[in-house]
Amino acid sequence: MNRVVLGYEKIALSVALMSALQESLERAAADQACRVIIIAGAGPAFCAGHDLRELRSEDDVSEARRETYRRIFAQCSALMLQIVRLPKPVIAEVHGIATAAGCQLVATCDLAVAAAEARFATPGVNIGLFCSTPMVALSRAIGRKPAMEMLLTGELIDAVGAKALGLVNRVVPAAELSAATAALASQIAGKSALTLKIGKEAFYRQAELDLAEAYNYASEVMTKNMLAQDASEGIDAFLEKRPPVWQDA
């Protein structure tokens, strides 16, 4: 597995940090030895969202500011799409706070493990800036009404509440966070890399289709998957009561 660490001592998702994360994810995607990616924070928290000082650093020329905002939010959107389109599972390891675009990052990752003290929010409404881009990932990760409540109130929710909403998968004591995330990653890394790639792509694609289209698409994916060497090996291993030996093909 590969561990991507956010931010050194900073917790804001600056342009520089987004660029570094994009480069790290690109390298991990190309690394055949990497089977699962963990995104964790290095500072006092996971991620507090965009760097507000960076957003306000432009002068008062309105068109220049408009282009700055477009560039930053487009880069953030590209980062989130990169995570979804990666052929490998991505796990968020969350401690401290995950707010605004940081909460968006958690919602975007395939899985999330949180320390018991972690807190989550989309608090843009409190400063006159609705969390519209975080809303995209959040509304796809949890129910519509819980998402709207988070977006409209900006209130922090605790890790247990986040798990109940489906924003995170597991909540563990802070001292066990890294070990618990690594254990989950190791469990997934023991599967066929080809199967994980096929499954992740299909999961996100079928979610955007209507029911009949989703079943038609999934049937084609299952047919393709059944023809893979790893499917034959996995079935044979199951019938022969032995561990499979994956070829990732």
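Our structure is the block above this text.
All values derive from a computational prediction rather than experimental measurement.

Caption draft 1: Structural context of the overall build of the protein. A count of helices and strands for the protein gives 11 helices and eight strands. Since a compact globule built from 249 residues should have a radius of gyration of about 18 Å, the 19 Å found for the protein is in line with a globular shape. Principal-axis analysis of the C-alpha atoms gives the protein an extent of 70 × 40 × 35 Å. Per-residue burial over the protein gives 41% buried out of 249 residues. For the protein, restricting intrachain contacts to residue pairs at least 6 apart in sequence, the fraction spanning at least 24 positions comes to 68%.

Caption draft 2: Representation of the packing of helix H9 (residues 193-207) against helix H10 (residues 211-226) in the model. In contact at an axis separation of 10 Å, H9 and H10 are set at 175° when each is read in the N-to-C sense. In terms of axis orientation, H9 runs roughly antiparallel to H10. On the side of H9, the interface is formed by Thr195, Ile198, Glu201, Ala202, Arg205 and Gln206, while H10 contributes Ala214, Tyr217, Val221 and Asn225. The class makeup of the residues in the contact of H9 with H10 is five nonpolar, three polar and two charged.

Caption draft 3: Layout of the environment of isoleucine 198. When you line up the elements, isoleucine 198 lands in helix H9. Take isoleucine 198: its relative accessible area is 11%, and that puts it in the buried class. Look past the residues within four positions of isoleucine 198 in its chain and what remains in contact with it is Val221 and Asn225.

Caption draft 4: Region of interest: the pattern of salt bridges. Throughout the structure, instances matching the rule amount to six salt bridges. Because the salt bridges share partners, they merge into one network encompassing Glu233, Glu240 and Arg242.

Caption draft 5: Spatial organisation of the pairing of strand S3 (residues 90-94). S3 sits mainly inside the fold: five of its five residues count as buried. A two-sided burial pattern is seen for S3, the buried positions comprising Val90, Ala92 and Val94 on one face and Ile91 and Glu93 on the other. Relative to S3, strand S2 (residues 37-41) runs parallel, the two sharing four bridges. What sits directly across from isoleucine 38, in S3, is isoleucine 91. Looking at chain direction, S3 and strand S5 (residues 111-115) are connected through four bridges and run parallel. Directly across from alanine 92, in S5, lies its bridge partner alanine 112.

Caption draft 6: Region of interest: H9. In a regular helix each residue adds 1.5 Å, so 15 residues correspond to 21 Å; H9 covers 22 Å between its end C-alpha atoms and thus fits that length. Within H9, burial applies to Leu196, Ile198, Lys200 and Ala202. Lining the buried residues of H9 we find helix H3 (62-85), S3, helix H8 (177-189) and H10. Put simply, serine 192 is the residue that caps the front of H9, since its side-chain oxygen is 3.3 Å from the backbone nitrogen of leucine 194.

Caption draft 7: Structural context of unusual backbone geometry. The backbone of alanine 100 shows a phi angle near 55°, a positive value even though the residue is not glycine. Mapped onto the elements of the fold, alanine 100 is located in the loop between strand S4 (97-99) and helix H4 (101-108). One non-glycine residue, lysine 241, lies in positive phi territory at about 55°. Structurally, lysine 241 is set in the segment after helix H11 (229-239).

Caption draft 8: Local environment of the nonpolar core. Judged by nonpolar contacts, the single largest core of 46 residues is most densely connected at Ile39, Phe46, Val94, Val106, Phe120 and Leu167. Per element, the largest residue contribution to this core is six residues, and it comes from helix H1 (residues 15-30). If we skip the residues at most four places from it in the chain, leucine 167 touches Cys103, Val106, Ala107, Ala112, Phe120, Leu138, Ile142 and Ala162.

Caption draft 9: Geometry of helix H6 (residues 144-153). Along H6, the residues classified as buried are Ala147, Met150 and Leu151. The buried residues of H6 occupy an angular sector of 95° when the element is viewed end-on, so they sit on one face. Exposed and facing more than 90 degrees away from the buried side of H6 are Lys145, Glu149 and Leu152. As for H6, its buried residues are in contact with H4, strand S6 (119-121), helix H5 (132-141), strand S7 (157-158) and helix H7 (159-165). Backbone geometry just after H6 places glycine 154 at a positive phi near 70°.

Each value, and the rule that gives it
- In this numbering scheme, every chain counts its residues from 1 along its sequence in written order.
- In keeping with the model being predicted, local features are shown solely for residues with a pLDDT of at least 70 and side-chain atom pairs are shown and tallied solely at 80 or more, while totals for entire chains, interfaces and linings include all residues.
- Side-chain descriptors were evaluated using all non-hydrogen atoms of the structure, hydrogens and water having been removed beforehand.
- In this text, helices come from DSSP runs of H or I with a minimum length of four residues, and strands from runs of E with a minimum of two, each type numbered from the N-terminal end.
- When we talk radius of gyration, it's over C-alpha atoms, and the globule rule is simply 2.2 Å times the number of residues to the 0.38.
- The rule is simple: take the accessible area with a 1.4 Å probe, protein chains only, and divide by the maximum for that residue type; under 20% is buried, over 50% is exposed, in between is partly exposed.
- Here, residues are in contact when the closest pair of their heavy atoms is within 4.5 Å.
- Axis angles are defined between N-to-C directions and span 0 to 180 degrees, where every axis is a line fitted to C-alpha atoms and, for a helix, only to the segment in contact.
- Each angle gets one of four labels, with under 35 degrees taken as roughly parallel, over 145 as roughly antiparallel, 65 to 115 as roughly perpendicular, and the rest as oblique.
- Amino acids are sorted into nonpolar (Ala, Val, Leu, Ile, Met, Phe, Trp, Tyr, Cys and Pro), charged (Asp, Glu, Lys and Arg) and polar (every other residue, Gly among them).
- Any carboxyl oxygen of Asp or Glu within 4 Å of a side-chain nitrogen of Lys or Arg constitutes a salt bridge here.
- Note on pairing: DSSP must find at least two bridges between two strands before they are called paired.
- Multiplying 1.5 Å by the helix residue count minus one yields the expected span of that helix.
- Distance and chemistry together define a polar contact, namely a pair of N or O atoms within 3.5 Å, with one atom able to donate a hydrogen and the other to accept it when in protein, and with adjacent residues in sequence counting only for side-chain atoms on both sides.
- Here, nonpolar core means buried Ala, Val, Leu, Ile, Met, Phe, Trp, Tyr and Cys residues that are tied together by side-chain atoms lying within 4.5 Å of each other.
- By arc we mean the arc of the directions from the helix axis to the C-beta atoms, nothing more.

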